[in-house]
Amino acid sequence: MTDARLHSRPSTTKTTSASSSPTKAEQKLLDQAEAARRGVTYKEVKQERKKKKREAETLDNDDDHRKEVKRLRTYSNADDAATGDSQQKRRTRSVDAAEEKEAGKSVLSTEEWRKEHMISIQGHGSERATQTFPDPFMEFKDAPFQERIQQAFAQAGFARPTSIQGQAWPIALQNKDMICVAKTGSGKTCGFLLPVFHQHLVKQTRIQGFTKPILLVLAPTRELSVQILEEAQKFGRPLGIRSVCCYGGASKHPQIAALQRGVECVIATPGRLNDLIEMRKADLSKVQYLVLDEADRMLDMGFEPQIRSIILNIPPENRQTLLFSATWPKEIQALAHDFLKNPIQINVGEVNALVANKDIQQTIVMCSESEKLDKLEQILRDL
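In the annotation of an unreviewed UniProt entry, the protein is listed under the name RNA helicase and assigned to Phaeodactylum tricornutum. The record held by UniProt for the protein lists under Function (unreviewed entry) the comment "ATP-dependent RNA helicase required for 60S ribosomal subunit synthesis. Involved in efficient pre-rRNA processing, predominantly at site A3, which is necessary for the normal formation of 25S and 5.8S rRNAs." The annotation that UniProt attaches to the protein under Sequence similarities (unreviewed entry) is "Belongs to the DEAD box helicase family. DDX5/DBP2 subfamily."

Shown next, in the form of structure tokens:
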């Protein structure tokens, strides 16, 4: 009787469960019937049922979660697309504005560019009345330098030539003598190195082995000479141009050894180079390009006799001379008159032998001879 009742109730309960969930009592009877049918305990059936229920709920929740994620992604993608379009439009507007601004700069006339950079140009010598001045290179792409040099500029992060470079390059590339009067830190080192490197490579193929120098750069101090050497190596090495730096206060032997191996570029202080010439260890007979860097300082330091002696060792016929100075005193004018041929002079800013660099603060302290040392110590402590 009991078995019949147990077997008959499930069908009724199933019908009921199809329309609604069974009560606890009905669920217990169902679990007991399932346990009897399978030959297991009621507790095992109950645990199994609850486990399946949890899995079903988890699956439902996962489905709901996936639907919600899909819905959110749909909105997010739409927002991203709208935001992306907006950002792209802003970027486009920014680029357009930058290009318009850049285009505005590029359309400057030569006169406007020189005025903006406070550059004036004048001629000297017998050709002064008929001299013409080339237009400046306002952008790196305007210069005919090798691709490796252009890449070096880009890697260094330079946006465009400095004012002295922009005007000095086209003049130097025409193989004309040049005077540049500009304050220190105006980028003049590349202003004279790169045109010389370019012209040398255009004129001749590098000869393997011993090579006499074709470029001589005279500088007043060891520190400046080393700085120029670094620039010469940075731009010259990729082009196969070798450089050596000769200065006092260091052993002559490595410098002599480099000269004997052969170099294209010599950077030197006047005193040390004059010593090497007297020792017949430096041959300047093939020098085609002479640069006097910071000529006013070299004269202030008393190097004028050595400079004149060195220049006499360089054949004047095919020599191009570039003179750079922060000031334009009579002594520099006399030196330029003696050794430069119909030079073109570039002035950046005011040109006056009595005008000091406005970027340097100068103070005069009045004191007696016996007070000088104490005053100096006090000034150094206050720095």
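Moving on, there is more to tell.
(A) Region of interest: helix 12 (residues 304-311). Those residues of helix 12 not exposed but buried are Ile-307, Ile-310 and Ile-311. Along the axis of helix 12, the buried residues cluster in a sector spanning 95°; they form a single face. Buried-residue contacts for helix 12 involve strand 3 (215-218), helix 10 (270-278), strand 6 (289-292), helix 11 (295-300) and helix 13 (330-339).

(B) Just the packing of aromatic side chains, in detail. Taken as a whole and assessed by the stated rule, the structure comprises seven aromatic pairs. Residues Phe-153 and Phe-235 carry aromatic rings whose centres are separated by 5.4 Å and whose planes lie at 45° to one another, so their mutual orientation is tilted. Remark: Phe-235 occurs in helix 8 (residues 222-236) and Phe-153 occurs in helix 5 (residues 147-156); sequence separation between them is 82 residues. This pair shows no difference in class: Phe-153 is buried, exactly as Phe-235 is. Connected via pairs of aromatic rings, a cluster forms that spans Phe-140, Phe-145, Phe-153, Phe-158, Trp-169 and Phe-235.

(C) Just the pairing of strand 2 (residues 178-181), in detail. Every second residue of strand 2 is oriented toward a common face, with Met-178 and Cys-180 on one face and Ile-179 and Val-181 on the other, all of them buried. Where strand 2 and strand 7 (residues 320-325) come together, four bridges link them in parallel fashion. Across the sheet, the residue bridging to Val-181 is Ser-325, located in strand 7. Both strand 2 and strand 8 (residues 344-348) contribute to a ladder of four bridges, which runs parallel. Residue Cys-180 lies in a different strand from strand 8, and its bridge partner there is Ile-346.

Cut-offs used in this document
Residues numbered from 1 in each chain as written. Predicted model: local features only at pLDDT ≥ 70, side-chain atom pairs only at ≥ 80, totals over all residues. Heavy atoms only, no water. UniProt positions renumbered as here; feature names shortened; annotations may be inferred. Buried < 20%, exposed > 50% of the residue type's maximum accessible area, 1.4 Å probe, protein only. Helix = DSSP H or I, 4+ residues; strand = E, 2+ residues; numbered from the N terminus. Arc of directions from axis to C-beta. Contact = heavy atoms within 4.5 Å. Phe/Tyr/Trp six-rings, centres within 6.5 Å; stacked < 30°, edge-to-face > 60°. Pairing = 2+ DSSP bridges.

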